[in-house]
Amino acid sequence: MNVLHIDSSILGDQSVSRKVSAAAVASIVAANPGAKVTYRDLDAQPAPHQSGVLMAARALDPAARSADQARDVAHADAVLDEFLAADVVVIGVPMYNFGIPSTLKSWIDHLAVAGKTFSYSEAGVQGLAGGKRIVLASSRGGYYGSESPMASLQHQESYLRGFFGFIGVPDVEVVSAEGVNYGPDHKQKALEGAVAHAASLGRTLQAA
Ligand SMILES: Cc1cc2nc3c(=O)[nH]c(=O)nc-3n(C[C@H](O)[C@H](O)[C@H](O)COP(=O)(O)O)c2cc1C
C-alpha cells in the first residue's frame, strides 16, 4: 500500500490537524504492514503556484529550461506522480479564512490535469483518479455544522469533497476537530475526539 501524507498547517508542533493526520497515518500503517509512506509538508516546502512562468517553462524543451524552471516543473510533476501512485491520501487541512490554506490549493492545482485525473467528453465529465481512499484530517476554530449560522461559510471540507469527487473519489473520509478556538477545553476535547477517530481508521480503511 502506498500512503501519501500531506500537511499544510502553519502552526508546527501546535497544530491540531498535524496531530490528527499523524494519528491517521500511524493507524493505517499499523494495519497494513509494509505500507510505504511519502510525506509532504506544504508549509516547509510549498508546491510552485500555477503561473504564467510555470506554464512557459513547461512549453520549453527541457534542455532549454533554467535551473529554477527545471526545479519547479520537476516539483509540480512529482506532486501529481505521488498522488497518482497513492492508494491512500491523508491530508492535514486547517480552515483558513473559511477555505483551505493557499499552499494546499497550490498542491491541488497540480492534481487537476485533463487526461490524468479527469476528462471531458460529450457525455460529460469523468473522474479518472478512482481507486484511492482520501482522508481529510481537518481542524477549524469555529463550528460550521448545517444547523450553524456559519454553515454557508464552510468552504474547506465542502471544497475538498467537491474536488475529489470531480476527479473520481466521491467517498472522502473526514476526521474533524471543530471549535478549537472556543477555549482550551473545547480544543482538548475536539483534539482527543479527532485523534481517537483517526486512530481507528486503520481497522476500517483499506485501499479501494
Ligand atoms: C491564518 C488563519 C486563518 C484562520 N481562519 C479561520 C476561519 O476562517 N475560520 C475558523 O473557524 N478558524 C480559522 N482559523 C483557526 C484555525 O482553523 C484553527 O486554529 C485550526 O486549529 C488550525 O489548524 P491547525 O491547528 O492544524 O493549524 C484560522 C487560523 C489561522 C492561523
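Residues numbered from 1 in each chain as written. Predicted model: local features only at pLDDT ≥ 70, side-chain atom pairs only at ≥ 80, totals over all residues. Heavy atoms only, no water.

A. View of the environment of Ser-138. Note on placement: Ser-138 falls in strand 6 (residues 133-139). Judged by its relative accessible area of 0%, Ser-138 falls in the buried class. Each C-alpha atom of the pair Ser-138 and Lys-19 lies 10 Å from the other, and the pair is 119 residues apart in sequence. Those residues in contact with Ser-138, other than ones at most four positions away along the chain, are Val-93, Gln-156, Glu-157, Val-175, Ser-176 and Ala-177. (Helix = DSSP H or I, 4+ residues; strand = E, 2+ residues; numbered from the N terminus. Buried < 20%, exposed > 50% of the residue type's maximum accessible area, 1.4 Å probe, protein only. Contact = heavy atoms within 4.5 Å.)

B. Summary view of the sheet that holds strand 7 (residues 172-177). Across the sheet, which stays open at both edges, the five strands sit in the order 2-1-3-6-7 with parallel pairing between neighbours. Looking at which strands have only one partner, the edges of the open sheet turn out to be strand 2 (36-41) and strand 7. Across this sheet, the average inter-strand angle for adjacent strands is 15°, counted without regard to direction. For strand 3 (residues 88-94) and strand 6, the ladder comprises seven bridges, and the chain directions are parallel. If you follow Pro-94 over to strand 6, its bridge partner there is Ser-139. Strands strand 1 (2-7), strand 2, strand 3, strand 6 and strand 7 of the sheet are contacted by helix 1 (residues 16-31), whose axis makes an angle of about 165° with strand 3. (Pairing = 2+ DSSP bridges. Axes fitted to C-alpha atoms, helices over the stretch in contact; angles between N-to-C directions.)

C. Highlighting the pairing of strand 5 (residues 124-127). Where strand 4 (residues 118-121) meets strand 5, four bridges bridge the pair, whose relative direction is antiparallel. Considered in strand 5, the bridge of Phe-118 is made with Gly-127.

D. Just the side chain of Asp-7, in detail. Its location among the elements puts Asp-7 in strand 1. At 4.0 Å, Arg-18 is the nearest oppositely charged side chain to Asp-7, a buried residue that forms no salt bridge. Here the side chain of Asp-7 touches Tyr-39 through a polar contact of 2.8 Å, side chain to side chain. (Lys, Arg positive; Asp, Glu negative; His and termini not counted. Salt bridge = Lys/Arg side-chain N within 4 Å of Asp/Glu carboxyl O. Polar contact = N/O pair within 3.5 Å; in protein donor to acceptor, adjacent residues only side chain to side chain.)

E. Broad picture of the site of the ligand. Around the ligand there are 17 residues in total, and Ser-9, Ser-15, Ser-17, Met-95 and Ser-139 lie nearest to it. Within the side chain of Ser-15, one N or O atom sits 2.7 Å away from an oxygen atom of the ligand. Within the backbone of Asn-97, an N or O atom sits 2.8 Å from a nitrogen atom of the ligand. Burial of the ligand by the surrounding chains reaches 79%, relative to a free accessible area of 620 Å². Here the residues of the shell around the ligand are counted per class, giving eight nonpolar, eight polar and one charged. (Near = heavy atom within 4 Å. Areas by Shrake-Rupley, 256 points an atom, 1.4 Å probe, with all protein chains shown as cover. Nonpolar A, V, L, I, M, F, W, Y, C, P; charged D, E, K, R; others polar.)

Coordinates in, geometry out; function isn't part of it.
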